Amino acid sequence: MAEAGRAAPDPVLADSVPEREPAAPAPERAGAAAAPVMARSAAVSAFGVFLVLGVLTASLGASLPFLRERFGAEHEVGRVVSAYNLGALAATVCIGLLGRRLNVRAAPPVLLAVFAAGAAGMAASPGWTAYLGCAAVTGIGYGGLALTLNTAFARGFAGNSVVMVNRLNAVFGIGAMLGPLAAGAVGHTDIRLLALAAAVCALPCFLVGRAGAVLATAPERAAPERSGSGPREGRREGRRAGAGLELLPFLLVGLVYAGMETSIGTWQSTQLVRDGWSTQAATTAASGFWAGMAIGRLVVPQLTRRIPGRTTLPAYLAAGLGALALAAVPHFAVVAYPLAGLALAPVLPTLIAWVSGVAEVPQRATSVLTLCCMLGNAVVPAVVGALSGSGGAVVIPVVLAGACLLCLGLAVWLRAARR
């Protein structure tokens, strides 16, 4: 993924930007011709939005004991996490299906309003059913904002897109680290106050709506259809099929990588317990991986900003593979997993920015990639759990390293396919 770079001059967002190659004859070059510019105010607001999204999303799991106290033990409170993620999935699917028919300029402010309204509804819900429904609405806002803002950052900065998308997701990671702490702070008072705070904090970020202008600069590459244009129409269909095949390596890398990242977060504490750690100590130590992810997304892309994504992506995965191999050495896991987080942190933002830069319809490509990542999140951890079973502590990092090796092979294939 091509990620964004220097912040453009503020406050003006041009509806169109002069093309770098005015006479590019090939349709597939049109996307590279435009250089959309994002206003500084929109970028700052997007960072604020992602911080709020990270806090609320990560706080849901930590909120479950408090929700049980608030609404009663007879409810399956874990369903709130499912409802939230199903809302995010629905938003991603809808945006992908709408494609060019979506008014991308209006999408960020509308989705921000949906998120704030859903969070406010969670805070005001008198009963469990209403709370669950509002969580799904909030998830719609979350999923839509995550998709559209990642795409906008991937397109909205001329030559530094990888750095900017990584920074955006690093802010989400910072919020994710703060979420459980916030849930613990307000849980014994009323856990619904956390959703209210998220709604209130989201409202000042309304200038994120200006990011829609960046998405609106994506060129329309499909020529108007004419009756009797058989050969042209056939060529267009051929190009669409070819574009779909070109995206396949991106989708496979996203599926395997996202599942591997989730698997590390899911199973590393289990490995530490098998290695003799107490449950509480293992859970606390597991936060090191996420801290490594947050730091890595801030630091590593800055150091590699002049190196193309097709080169850095396999390098990140190779470094992550080395760290996971180190985790198989007894008593080294507590250090190896933060190192793995540091190495792997830029992988997904880099992939998002890269696919947004080469796809014919960036919004649709990013949504399909996001869906593949969600599928990987659901499937790969279960596979890792089945393969590691109840074996010793060393089995888990070996299986995780195998998943990373598979992802590295796919990334090398992607690099070769894009030459």
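Rules used throughout
Residues numbered from 1 in each chain as written. Predicted model: local features only at pLDDT ≥ 70, side-chain atom pairs only at ≥ 80, totals over all residues. Heavy atoms only, no water. 1 Å grid on protein atoms, 1.4 Å probe; cavity = no way out; pocket = protein on both sides within 12 Å on 5 of 7 lines; lining within 4 Å. Points joined across faces, edges and corners; volume = space filled by probe spheres on them. Helix = DSSP H or I, 4+ residues; strand = E, 2+ residues; numbered from the N terminus. Nonpolar A, V, L, I, M, F, W, Y, C, P; charged D, E, K, R; others polar. Phe/Tyr/Trp six-rings, centres within 6.5 Å; stacked < 30°, edge-to-face > 60°. Buried < 20%, exposed > 50% of the residue type's maximum accessible area, 1.4 Å probe, protein only. Lys NZ or Arg CZ within 6 Å of the ring centre and 35° of its normal. Salt bridge = Lys/Arg side-chain N within 4 Å of Asp/Glu carboxyl O. Axes fitted to C-alpha atoms, helices over the stretch in contact; angles between N-to-C directions. Parallel < 35°, antiparallel > 145°, perpendicular 65-115°, else oblique. Contact = heavy atoms within 4.5 Å.

Visitor: Just checking my understanding: could you explain empty space enclosed by the protein for this structure?
Guide: Once rolled over the atoms, a probe with the size of a water molecule shows which space is left empty. The tally for this structure, following the rule as stated, stands at one cavity of 30 Å³ or more. Put simply, the largest cavity is a space of about 40 Å³. As for the largest cavity, its lining consists of Leu56, Ser59, Leu60, Ser63, Met122, Tyr131, Ile191, Arg192, Leu194 and Ala195. Where the lining of the largest cavity is concerned, the elements lending two or more residues are helix H2 (40-71) and helix H7 (192-202). Considering every element that reaches the lining of the largest cavity, the biggest residue donor is H2, with four residues. Here the residues of the lining of the largest cavity sort into seven nonpolar, two polar and one charged.

Visitor: What's the story with the packing of aromatic side chains in this structure? I'm lost.
Guide: Any two aromatic rings considered together are summarised by their centre-to-centre distance and by the angle between their planes. One pass over the full model with this rule turns up eight aromatic pairs. When the centroid spacing of 6.1 Å and the interplanar angle of 70° are considered together, the rings of Phe50 and Phe172 count as edge-to-face. Within this pair, whereas Phe50 is found in helix H2, its partner Phe172 is found in helix H6 (residues 161-190), the two being separated by 122 residues in sequence. Exposure remark for Phe50: the relative accessible area of 2% places this residue in the buried category. Relative to Trp354, the ring of Phe250 has its centre 5.2 Å away and its plane inclined at 85°; by these criteria the two rings are edge-to-face. Residue Phe250 is located in helix H9 (residues 230-274), and its partner Trp354 is located in helix H14 (residues 347-358); the two are separated by 104 residues in the primary sequence. Residue Phe250 shares its accessibility class with Trp354, and that shared class is buried. Ring pairing ties together the aromatic residues Phe50, Tyr84, Tyr142 and Phe172, which thus form one cluster. The lysine or arginine in question, Arg70, covers the ring of Phe71, its NZ or CZ lying 5.4 Å from the ring centre.

Visitor: Explain the pattern of salt bridges here, please?
Guide: Any two side chains of opposite charge can pair, so long as their charged atoms come close to each other. The tally for this structure, following the rule as stated, stands at three salt bridges. The partner of Arg192 in a salt bridge is Asp190, and the shortest N-O contact between them spans 3.0 Å. The two residues Arg192 and Asp190 agree in class, both being buried. Note that Glu261 is salt-bridged to Arg297, the shortest N-O span being 3.9 Å. With Glu261 in helix H9 and Arg297 in helix H11 (residues 287-303), the pair connects residues that are 36 residues apart, well separated along the chain.

Visitor: Help me out: how do you make sense of the packing of helix H12 (residues 309-327) against helix H13 (residues 333-344) in this one?
Guide: When two helices pack together, their arrangement is given by the angle between their axes and by how far apart the axes lie. Interaxial distance between H12 and H13 falls to 8 Å at its minimum, and their mutual angle equals 170°. Our classification of the angle between H12 and H13 gives roughly antiparallel. Residue-level inspection shows Tyr316, Leu317, Ala319, Gly320, Ala323, Leu324, Leu326 and Ala327 of H12 in contact with H13, the latter providing Ala333, Ala336, Tyr337, Leu339, Ala340, Ala343 and Leu344. Here the contact of H12 with H13 is composed, by residue class, of 14 nonpolar, one polar and no charged.

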